[in-house]
Amino acid sequence: DVCVLGSFMKDLVASAERRPLPGETLHGTGFAEFLGGKGVNQAIAAARMGARTAIVGTIGDDRYGEEFLELLKSDGVDTEWVLRHPDLGTGVGLPLVLPDGGNSIIIVSRANSAITPADIEAAAEVLAASGVLSVQLELPVEASRAALELASAAGVTTILTPAPVGTVDPSLGEFVDILVPNEVEAAALTGLDCDDESEVPAIARRLTSEWDLRGCVITLGARGAFVRDELTGEELRVPAHRVATVDTVGAGDAFCGSLAASLAAGAGLADAVRLANAAGALSTTIHGAAVSAPDRPSALRLLDA
Ligand code: ADP
């Protein structure tokens, strides 16, 4: 089984010709709503990739919270451990998208910011019983740390997506088995540049030793991914699948959710990365964050193509 601890973010996206000036009210050109947040995205991806999946996190007692519960249930994700905060509403993201694809984003964490180590303790049953726990850093770091510590002590395989990278604390490494940074995060954590292909293995090796990891997976966007398995000493560079990409939002989460599902099913790290690389690619062929995660048969088909 997979357990995901993470965020719920309702995105309300406005498009406009330009950013408004201070004090200006500007007519936008478009609007769209998406359900996202790294926690939700990863949980849905893991469930679609065939894992029995539970999510732990906090939503508000409001309409957006209901939308999340509905979506998660329709994908078979266990929502029993989702807390509803009585006062703080569900987290929201307010992106402004410009014609050139550039954006400005305001995020208001709201209920996401309310989860405490005591809440984690109350969810110990599901955290300790899962085969794999996946955590990102959009929740208060004390809660993420408590969950990683609890799961790690129970022998659960722990995965950390170090995003947003600004809140990373390397002392979390003690409780992390597999670190999955993207290229920006890997560069921020090491000061080394992933654009240089020849540097990538060195970056993975450095993170593996500094964080005392079982494995490190670096996602490289349209270039694919790299994995170092410390248990077997195996290193693998998987090139990206060529697909008709329309929207890369949530690719990293689809990748990570798939990775968690494969590891929970007993796959080796390199094989799990091969399938995650297909899942990440397929997620870029559909608009949206959580809803763009592919199912397992589609990912297997792309892998075999
Ligand atoms: P994030 O969304 O966290 O920035 P990446 O951009 O590295 O993560 O994407 C995660 C994974 O999704 C990549 O490792 C790759 O497997 C897949 N992926 C992302 N973008 C593309 C693309 N344009 N074509 C094919 N696969 C992609």
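Quick caveat: nothing in here was measured; it's all calculated off a predicted structure. (Residues numbered from 1 in each chain as written. Predicted model: local features only at pLDDT ≥ 70, side-chain atom pairs only at ≥ 80, totals over all residues.)

Trainee: Before we move on, can you summarise the UniProt feature "active site" (unreviewed entry) in the protein with the specific residues and values?
Mentor: This chain's UniProt record puts "active site" (unreviewed entry) on Asp253. With respect to the helices and strands, Asp253 occurs in helix 8 (residues 251-264). Not counting residues within four places of it along the chain, the set of residues in contact with Asp253 comprises Lys38, Asn41, Gln42 and Ala45. (UniProt positions renumbered as here; feature names shortened; annotations may be inferred. Helix = DSSP H or I, 4+ residues; strand = E, 2+ residues; numbered from the N terminus. Contact = placed C-beta atoms within 7 Å.)

Trainee: An account of the pairing of strand 13 (residues 235-238) is needed here, citing residue identities and associated values.
Mentor: Relative to strand 13, strand 12 (residues 225-229) runs antiparallel, the two being bridged by four bridges. Within strand 13, the position partnered with Phe226 by the bridge is Arg237. The antiparallel hairpin formed by strand 12 and strand 13 contains five residues in its connecting segment, where Gly233 sits at a positive phi of about 75 degrees. (Pairing = 2+ DSSP bridges.)

Trainee: Any details on the UniProt feature "binding site: substrate" (unreviewed entry) in the protein? Residues and values, ideally.
Mentor: The sites that UniProt annotates as "binding site: substrate" (unreviewed entry) are Met9, Lys10, Asp11, Gly37, Lys38, Gly39, Val40, Asn41, Glu138 and Asp253. Examined against the element boundaries, Asp11 turns out to sit in strand 2 (residues 9-15). Ignoring anything within four residues of it in the chain, the contact list for Asp11 reads Glu33, Phe34, Gly36, Gly93 and Pro95. Summarising the element assignment, Lys38 is placed in helix 1 (residues 38-48). Every residue in contact with Lys38, bar those within four places of it in the chain, is listed here: Gly6, Ser7, Gln136, Glu138, Thr161, Ala163 and Asp253.

Trainee: Quick rundown of the sheet that holds strand 7 (residues 103-108)? Include the residues and the values.
Mentor: Spatial ordering of the open sheet is given by 3-2-6-7, a layout of four strands whose pairing is mixed. The sheet is open, and its two edges are formed by strand 3 (30-36) and strand 7, each paired on a single side. With strand direction ignored, the average angle separating the axes of adjacent strands in the sheet is 15 degrees. Bridge count for strand 6 (residues 92-97) against strand 7 is six bridges, and the pairing is antiparallel. When the sheet's bridge partners are listed, Leu96 is paired in strand 7 with Ser104. (Axes fitted to C-alpha atoms, helices over the stretch in contact; angles between N-to-C directions.)

Trainee: How would you explain the site of the ligand if you had to name every residue and give the values?
Mentor: With respect to spatial proximity, 19 residues lie near the ligand, and among them Thr219, Gly221, Gly252, Gly280 and Ala281 are the closest. Taken together, the residues of the shell around the ligand sort by class into eight nonpolar, eleven polar and no charged. (Near = placed C-beta within 6 Å. Nonpolar A, V, L, I, M, F, W, Y, C, P; charged D, E, K, R; others polar.)

Trainee: Break down unusual backbone geometry for me, with residues and values.
Mentor: Here the bond from Ala163 into Pro164 is cis, since omega is -5 degrees, no more than 30 degrees from zero. Tracing the sequence through the fold places Pro164 in the loop between strand 9 (157-160) and strand 10 (178-179). Unusually for a residue other than glycine, Arg110 sits at a positive phi of about 45 degrees. Summarising the element assignment, Arg110 is placed in the loop between strand 7 and helix 3 (117-122). We classify Arg110 as buried; it has 22 C-beta atoms within 10 Å. (Buried ≥ 20, exposed ≤ 12 C-beta atoms within 10 Å, placed from the backbone.)

Trainee: Summarise the packing of helix 9 (residues 269-283) against helix 10 (residues 296-304); cite the residues concerned and give the values.
Mentor: For the pair helix 9 and helix 10, the least separation of the axes is 9 Å and the interaxial angle reads 110 degrees. As summarised for this structure, helix 9 and helix 10 are arranged roughly perpendicular, according to the angle between their axes. Here Arg274, Leu275, Ala278, Ala279, Ala281 and Leu282 of helix 9 come into contact with helix 10, specifically with Ser298, Ala299, Leu302 and Leu303. Classifying every residue of the contact of helix 9 with helix 10 gives eight nonpolar, one polar and one charged. (Parallel < 35°, antiparallel > 145°, perpendicular 65-115°, else oblique.)

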